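# Results of the structural survey
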Amino acid sequence: MLGTGILKGMAVTAKNFVGSYHDSEHPLTTSEYPEQRIAPKENARQFPFLVHDTEDAMKGLRCVACQICEKECPPQCIYIVKSKDKRADYKGQMQLYPVTFDIDLSVCMSCQICVEVCPFEAIKMDTEFELSNTDRFGGLLVNKHQLAKPNEHYRKIHPTEAAVSDASLAVEVAKAQAKAKADVEAKAKAAAEAKAKAEAAAAAGPIGTAPTAPAPKPTAPAAASAAPPAA
Amino acid sequence: MPLETIEQILARAEAAVPGAQLTIVKNDSPCAQHSLAVDVEHAYAVAQFLRDDPQLRLDYCSNVTGVDYLDAELSEKVKVKKLVDGVEKEVEEVKKTQRAGYLEAVYHLYSMALKHGPVILRQRTPGRADPVRVTSLTPLWRSAEFQEREVFDLYGVLFDGHPDLRRILMWDGFKDYPMRKDYVEPDDYEYEPTPHDEVLARAKAHQAAREVGA
Amino acid sequence: MDAPANRTVQSVGQGREGELLEVAMGPQHPSTHGVFRMDVVLDGETVVKLKPVFGYLHRNHEKIAENTSYLGSMPYTDRLDYFCSLSNNWAYALSVEKLAGLQVPERAEYIRLITAELTRVLNHTCLVGFLLQDMGALGTPLMYAFREREKILDLIESLTGARMMCNYMRFGGCRCDLPAGWLDEAKKVVAEYPRFLDEFDKLLSGNEILMARTQGVGKLSAELAISAGITGPMLRASGVDYDLRKVDNYGIYSRYPFRVPLGDHGDVYDRYMIRMLEMRESLKLLEPALNDIPDGPVVDPKAKLRGFRPKPGEAYGRIESPKGELGFHLISDGSPNPYRYRVRPPSLINLTILEDMCLGQTIADAVITLGSVDIVLGEVDR
Ligand code: SF4
Ligand code: SF4
């Protein structure tokens, strides 16, 4: 019958209208922003920020100014100037640091490629999106002071990811410490061996020279072992 | 029914279109989609053969592309026999050949009726100097209409026999062909907050110009 | 350059000056789905000539990609057809995998199928909403469609981090694994979806006004559709059985049964119905895939993120995107950037026969014919 299609359609709209207020399974889908806010999804990404570990944000930046992200960023919106001097990073290794680190948010397309390519877990995605500004250029060009955020912030917004990142950093630090320790031990061992050799050599050589010799140096055994033929 | 090998297609196309100069362009990537290069004069006849042959029936032209190759020096390692200190020896030499640049129109053909493909057809122009002409295949496949217009627009290849060859993406008054490898961008600098590298150099030039002008 | 002169009104309306009216519809017109212009010549209300004009959104995506690394182009593919960024990602990743010979792990194949089918449902949902909007059913169907779309977008956001610009697939797999609990949420959405489709069917499919408005409008014959390289739901509405998911068997589509809906008349109504039916088929694919997904890695360990340089060669890869055949033609010369990067845009090629479909119809029918083509200007103009 002509018109049944229309009547059926009207029934659907009526049901939806009433249902959005009274059907608990299919409630209203909109919310009143900004009074009501929906928490961002854990994976949500907006713009990058720089992670720092210590109280002093500028001292604790993880970024070592390797410029990989600057090179890989597809729209080229990162700008880095390397430092001339070095300072110790979280592993205790001497590294460069960024004197300038600017990101132009008006160009950034939130693609997350900088995060993926960074080998130092230094740059991560933030979930902050209310960045409207009256200055189109300057206002959206953020420097390293504005970009730096503590690791706690990262743990808060991306807990799962941060756990993985923290774990891998912990492994790195442990490795670095183990290596440092091994280095120290190896040095000590080498030194001890050298000392023993030197002593042995000195015992064979003329009395009076070796015992007063200073802390063993790598060259000492050679000099000492060269002595006997002369004696 | 599986598609014939490219060699078989080539042999049959040569038999069907006398005088056509067909060559196989090898593709070294793992997918091994080899293609047929055809001379511009016989492109239409060969394409018609590919479309109407009952075993091929390539009734669907999926993709039309232009490619630009600049003049280049190709170096190839060849083994030559030479007299070295009176003894004949085999020596590896790097042979350098000059390759003249050319433009290319590439057609990816499939068959909707027999559900096979692709057969790739390439038309190469003798050189890069304007005007570069190839044969339009729009009368055979309507789908080439907009795509050939696009190749004309971005590469400046003229398609003989195209019904409506106009610019499609760029505006009508635009002069150059932006997809060519030797295209130079116009110097229409806009202020950018983080200029670096080439952009920084350009920004400085503009800055200087402004100061001089002020 | 001696390009043929622009054909103008005069050549069509010889001797009838003053009777024909030339109208530029767009580029800012609510029915043109973006910045798109139709130069129409009207005899009364009848279309006697129609020329689509585009390029307002042209940014030379292909040139940008040729100056960017292979990885760097991935986020740009999101912006082609911004409704279906996951399909675009897949098409590009597939082409690069063909070029470099990378393998995709099992789990990643499942994720790709799931996300691509979700994208198809999402795209078709929006399209039927927009199509009804074009017909004058202002608001209601589009808002219902957007309400459902949002559920899928929520899923996509919790997986990829962004609602529309996903940048999710990588050469040889996907960027990250599914978050905890994602599969259950997805199953819930998929199970709930038919309710919306039934409702939409009740609301519209049998509606007399819709039928009167769309049946017999914008007809396209199978022969012309094949010759003009029309793909996707538009081709199948004309009765040609050609779906790349069946023809090419890419990914893991051959593992699950699904049907390819075909139309009889090739008119706007058929195109609308094909999309409604395709959504149901996609849901049928999603259900078992969500149950069967195996554990394992999501990316080929051989695939390198930085310093990726495929060997010289070329490849053409294509997938069935919601709008038709989306293909990427890549030529590598061994450097980190592609030597040639070409997108085969289904939206652009499906517009080839817009004039043929609209001639002799009224201008209002031209609007819904354009709506049924399903274009996104980000992809048409690139
Ligand atoms: S953020 Fe990471 S990739 Fe970028 S310069 Fe710093 S350390 Fe290198
Ligand atoms: S998110 Fe993407 S665009 Fe933004 S700074 Fe990082 S790499 Fe560049």
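Above this text you will find the structure in question.
Here is a short report on the structure shown in this document. Just so it is clear, the structure is predicted and the values come from calculations on it, not from any experiment. (Residues numbered from 1 in each chain as written. Chains lettered and ligands numbered in written order. Predicted model: local features only at pLDDT ≥ 70, side-chain atom pairs only at ≥ 80, totals over all residues. Heavy atoms only, no water.)

On to the overall build of chain A, then. The secondary structure content of chain A amounts to seven helices and eight strands. Counting across all 231 residues of chain A, residues that qualify as buried make up 34%. Contacts in chain A between residues at least 24 apart in sequence constitute 68% of all its contacts with a sequence separation of at least 6. Split by element, the accessible area of chain A, about 14,200 Å² in all, is 61% carbon and sulfur. (Helix = DSSP H or I, 4+ residues; strand = E, 2+ residues; numbered from the N terminus. Buried < 20%, exposed > 50% of the residue type's maximum accessible area, 1.4 Å probe, protein only. Contact = heavy atoms within 4.5 Å. Areas by Shrake-Rupley, 256 points an atom, 1.4 Å probe, with all protein chains shown as cover.)

With that out of the way, let us pick up the environment of P257 of chain C. Tracing the backbone through its elements, the reader meets P257 of chain C in the loop between α11 (244-247) and α12 (268-292). Separated by 52 residues in the primary sequence, P257 of chain C and S205 of chain C have C-alpha atoms spaced 26 Å apart.

Turning to the site of ligand 1, a few remarks are in order. All residues in the neighbourhood of ligand 1 are listed as C63, V64, A65, C66, Q67, C69, I80, F101, C118, F120, A122 and I123 of chain A. Among the residues making up the shell around ligand 1, the classes are represented as 11 nonpolar, one polar and no charged. (Near = heavy atom within 4 Å. Nonpolar A, V, L, I, M, F, W, Y, C, P; charged D, E, K, R; others polar.)

Counting residues at the interface gives 54 residues for chain B, matched by 53 residues for chain C. Here chain B and chain C share an interface that buries about 4,300 Å² over both sides, 54% of which is from carbon and sulfur atoms. Along the contact surface separating chain B from chain C lie five salt bridges. Note that R122 of chain B is salt-bridged to E314 of chain C, the shortest N-O span being 2.7 Å. (Buried area = accessible area lost by both parts, 1.4 Å probe. Salt bridge = Lys/Arg side-chain N within 4 Å of Asp/Glu carboxyl O.)

Time to look at the pattern of salt bridges. Residues and elements named next belong to chain C. Counting across every chain of the model gives 53 salt bridges over all chains. Between E355 and K51 there is a salt bridge, and its shortest N-O distance comes to 3.1 Å. Taken together, the positions of E355 in helix α14 (residues 354-358) and K51 in strand β3 (residues 46-53) put the pair 304 residues apart, joining distant regions of the chain. As far as burial versus exposure is concerned, E355 and K51 are alike and both buried. For R120, the salt bridge identified is with E117, shortest N-O distance 3.2 Å. Of this pair, R120 and E117 both sit in helix α5 (residues 106-134), separated by three residues, roughly a single helical turn. Like R120, the residue E117 is buried in the burial classification.

What follows deals with the interface of chain C and chain A. Taken together, the contacts link 34 residues of chain C with 29 residues of chain A. For the pair chain C and chain A, the summed buried area comes to about 2,600 Å², and 54% of that belongs to carbon and sulfur atoms. Contact with chain A buries surface across chain C, with K202, E208 and R306 of chain C losing the most and accounting together for 21% of the total. At the boundary of chain C and chain A, one finds two salt bridges. A salt bridge links R170 of chain C to E116 of chain A; the shortest N-O distance between them is 2.7 Å. At the surface where chain C touches chain A, the tally comes to 13 residue pairs in polar contact (both at pLDDT 80 or more). Sorting the residues of the side of chain C that touches chain A by element identifies α3 (74-78), α6 (140-160), α7 (182-205) and α8 (208-214) of chain C as the ones contributing at least two each. Ranked by residues supplied to the side of chain C that touches chain A, first place goes to α6 of chain C with eight residues. Its residues assigned to classes, the side of chain C that touches chain A shows 12 nonpolar, 10 polar and 12 charged. (Polar contact = N/O pair within 3.5 Å; in protein donor to acceptor, adjacent residues only side chain to side chain.)

Let us now look at the site of ligand 2. Around ligand 2, 13 residues are found, and the nearest of them are C73, C108, C111, Q112 and C114 of chain A. Across the shell around ligand 2, the residue classes break down as 11 nonpolar, two polar and no charged.

What sets the pattern is the α-helix's 3.6 residues per turn: residues three or four places apart point alike. Residues and elements named next belong to chain C. Helix length check: α6 (21 residues) gives 30 Å between terminal C-alpha atoms against 30 Å at 1.5 Å per residue, within 8%. The buried fraction of α6 is high, at 15 of 21 residues. Phi for G161, located one or two positions after α6, is positive at around 95°. (Expected span 1.5 Å × (residues − 1).)

Attention now goes to the packing of aromatic side chains. If you walk through the whole model with that rule in mind, you get 28 aromatic pairs over all chains. Taking 6.5 Å as the distance between ring centres and 40° as the angle between the ring planes, the aromatic pair formed by Y33 of chain A and F129 of chain A counts as tilted. One end of the pair, Y33 of chain A, is in the loop between α1 (4-22) and β1 (48-52); the other, F129 of chain A, is in the loop between β6 (123-125) and β7 (141-142), and 96 residues separate them in sequence. The exposure class of Y33 of chain A is partly exposed, given its relative accessible area of 46%. Exposure remark for F129 of chain A: the relative accessible area of 47% places this residue in the partly exposed category. Taken together, the ring pairs connect Y70, Y92, F171, F308, F328 and Y341 of chain C into an aromatic cluster. In this structure, R245 of chain C is placed above the aromatic ring of Y253 of chain C, and the distance from its NZ or CZ to the ring centre is 5.8 Å. (Phe/Tyr/Trp six-rings, centres within 6.5 Å; stacked < 30°, edge-to-face > 60°. Lys NZ or Arg CZ within 6 Å of the ring centre and 35° of its normal.)

Let's shift gears to the layout of surface pockets. Space inside the second largest pocket adds up to approximately 2,000 Å³. When contributions to the lining of the second largest pocket are tallied by element, the ones reaching two or more residues are α1 of chain A together with α6 and α7 of chain C. Tallying contributions element by element places α6 of chain C first for the lining of the second largest pocket, with 10 residues. Of the residues in the lining of the second largest pocket, the class split is 17 nonpolar, 12 polar and 21 charged. (1 Å grid on protein atoms, 1.4 Å probe; cavity = no way out; pocket = protein on both sides within 12 Å on 5 of 7 lines; lining within 4 Å. Points joined across faces, edges and corners; volume = space filled by probe spheres on them.)

Residues and elements named next belong to chain C. Across the sheet, which stays open at both edges, the three strands sit in the order β6-β7-β8 with antiparallel pairing between neighbours. Because the sheet does not close on itself, it has two edges, and the strands there are β6 (313-321) and β8 (340-344). Sheet twist, expressed as the average angle between the axes of neighbouring strands with direction ignored, equals 10°. As judged from the nine bridges shared by β6 and strand β7 (residues 324-332), these two strands associate in the antiparallel manner. (Pairing = 2+ DSSP bridges. Axes fitted to C-alpha atoms, helices over the stretch in contact; angles between N-to-C directions.)

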